[in-house]
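Coordinate analysis (summary)
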Amino acid sequence: MKYILALDQGTTSSRAIVFNEEGAAISSAQREIRQIYPKPGWVEHDPMEIFASQRDTAREALERANVGSDEIVAAGITNQRETTILWDRQSGEPLHNAIVWQDRRTAAKCAELREAGVENIIKNKTGLVLDPYFSGTKIAWLLDNIPGARAKAERGELAFGTVDTWLAWNLSQSRLHVTDPSNASRTMLFDIHRGDWDEELLEILRVPRAILPDVLASSGAFGMIAPEILGEPVTIAGIAGDQQAALFGQGCHKSGMGKNTYGTGCFMLMHTGDRAVTSGNGLLTTSCAQMGRSRDARDVEREYALEGSVFVGGAVVQWLRDELRFFKSSAEIESLAASVPDSGGVYLVPAFAGLGAPHWDPYARGAILGLTRGSGREHIARAALESIAFQTADLLDAMQRDAGRKLTELRVDGGATANNLLMQFQADILGVPVLRPRVQETTALGAAYLAGLATNVWKSREEIASHWEIDRKFEPQMKPGTVADMLGRWREAVHRSLRWAEQDE
């Protein structure tokens, strides 16, 4: 039996999963990581904790599987995207906490760049909107706010990386400074049409090229995990950002196929083949995980997707658990929400970090509307779950208009898909079947598949796609008129949350 180790470093936890050659998970380990909130709208992680938690879960997963590191054919890395880390090349020490993708501290900088008229240049080259979500303005903030950082960066003494790059650097003990197109495409510095860092974008955002990693095809030999980490050297043979990895793991390899991941945020991607579709409805054009004839990302078979990003999906459940203390375990929300037939007219807009697609408003803030004297915890809990489905419906509406086609089904993955109430409500609101796969951790599975393809554990995408199996299919049951009324009220609630914090800047 051949084994692949998948390292899945997410926003709220680090996971490691050992997969066998049939694509089945035989063991896993997971550890939560701290969320650091220095100021309202700011979100940070400790880079050393990110690495230590990922290293330790890898060791634990191997131990649980009773598999030695010498039996692992390859490792794949998938990661929270856009999160930005800057470190000293010599010492390997980070200069600052990681600035997380949700962080809004560069909203004013984005507004300044918008005023300078560079928004279309960025969109045309990167497929992205000008927003604090992406890495570019985060890098600039670090260079401008850490004493001496800019001078060190220009001398080539610093390294930048998203989380995949940080992990590869540390796992290889400073030998690898690499990323892949799916992660590079989220920095606002990478031309997705040429497959390379772009000098004009670097100049606009004042980022020295010397700090950037090499961009290699998503599937192939990146380098080795040092033997000191797991006991034996292991080849890193796959890297992809979490959402592109999930698209790959779901078997969505052809144009028109789509998936939605329910994690900390919600991310809907529709494969558009070799055509980079420009959105007119607030979505992003992004690079899929890319296969190459060589390792150089400029020589890959380019594939693209339309993407809609919801900043707060499953994180709204964590908020109810940790800040409002509605329950001790996130899994308890399903029974609490199911204890009432509906939300009692309550709508919760979880714009804790602004709103992503299709609104792109960094100044939106969370709101609960429709409260009455009879509203209880159970109504708010149900409204929180429904907010995840409503935000996904907004993404699908924009995506169908951009693609000029209707989605006939939605493949779903991520931790929140275990919630049957949410999945049924999602099917009702979308009006299309929602398909939950047997393996719900398809982000990690996608990273494993990329690594396994590079090392001949699997021979083709067709073989990979044949492993995909349905666990449960949720069919729409709600009357269209009821759906229309609920979506109308939801969109009114969203409208009232927009631009709330604008005067605070």
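Computed from a predicted model, the values in this text were never measured in an experiment. (Residues numbered from 1 in each chain as written. Predicted model: local features only at pLDDT ≥ 70, side-chain atom pairs only at ≥ 80, totals over all residues. Heavy atoms only, no water.)

1. Here's the deal with the sheet that holds strand β23 (residues 410-413)
Within the open sheet, the seven strands sit side by side as β17-β20-β16-β15-β23-β24-β25. Their pairing is mixed. At either end of the open sheet lies a strand with only one pairing partner, and these are β17 (284-287) and β25 (470-474). When the angles between neighbouring strand axes are averaged without regard to direction, this sheet yields 30°. Pairing between strand β16 (residues 266-271) and strand β20 (residues 304-310): six bridges, direction antiparallel. Counted as the bridge partner of cysteine 266 is valine 310 from β20. (Pairing = 2+ DSSP bridges. Helix = DSSP H or I, 4+ residues; strand = E, 2+ residues; numbered from the N terminus. Axes fitted to C-alpha atoms, helices over the stretch in contact; angles between N-to-C directions.)

2. Details of the packing of helix α10 (residues 242-249) against helix α15 (residues 442-454)
Helices that pack against each other are described as a pair by the angle of their axes relative to one another and the distance between those axes. At a closest axis distance of 7 Å, the pairing of α10 and α15 adopts a crossing angle of 75°. Comparing the axis directions of α10 and α15 gives the class roughly perpendicular. The residues of α15 that touch α10, namely those facing Asp242, Ala245, Ala246, Phe248 and Gly249, are Thr442, Thr443, Leu445, Gly446, Ala447, Tyr449, Leu450 and Leu453. Of the residues in the contact of α10 with α15, the class split is eight nonpolar, four polar and one charged. (Parallel < 35°, antiparallel > 145°, perpendicular 65-115°, else oblique. Contact = heavy atoms within 4.5 Å. Nonpolar A, V, L, I, M, F, W, Y, C, P; charged D, E, K, R; others polar.)

3. Section: the pattern of salt bridges
In total, this model carries 38 salt bridges according to the counting rule given. The salt bridge involving glutamate 112 is made with lysine 109; its shortest N-O contact spans 3.3 Å. Linking glutamate 112 with lysine 109, this pair stays in helix α2 (residues 107-115), spanning three residues, or about one helical turn. The salt bridge involving aspartate 196 is made with arginine 209; its shortest N-O contact spans 3.2 Å. With aspartate 196 in strand β11 (residues 196-197) and arginine 209 in the loop between α8 (199-205) and β12 (214-215), the pair connects residues that are 13 residues apart, well separated along the chain. Via salt bridges that share partners, Arg31, Arg55, Asp56, Glu60 and Arg64 belong to a single interconnected network. (Salt bridge = Lys/Arg side-chain N within 4 Å of Asp/Glu carboxyl O.)

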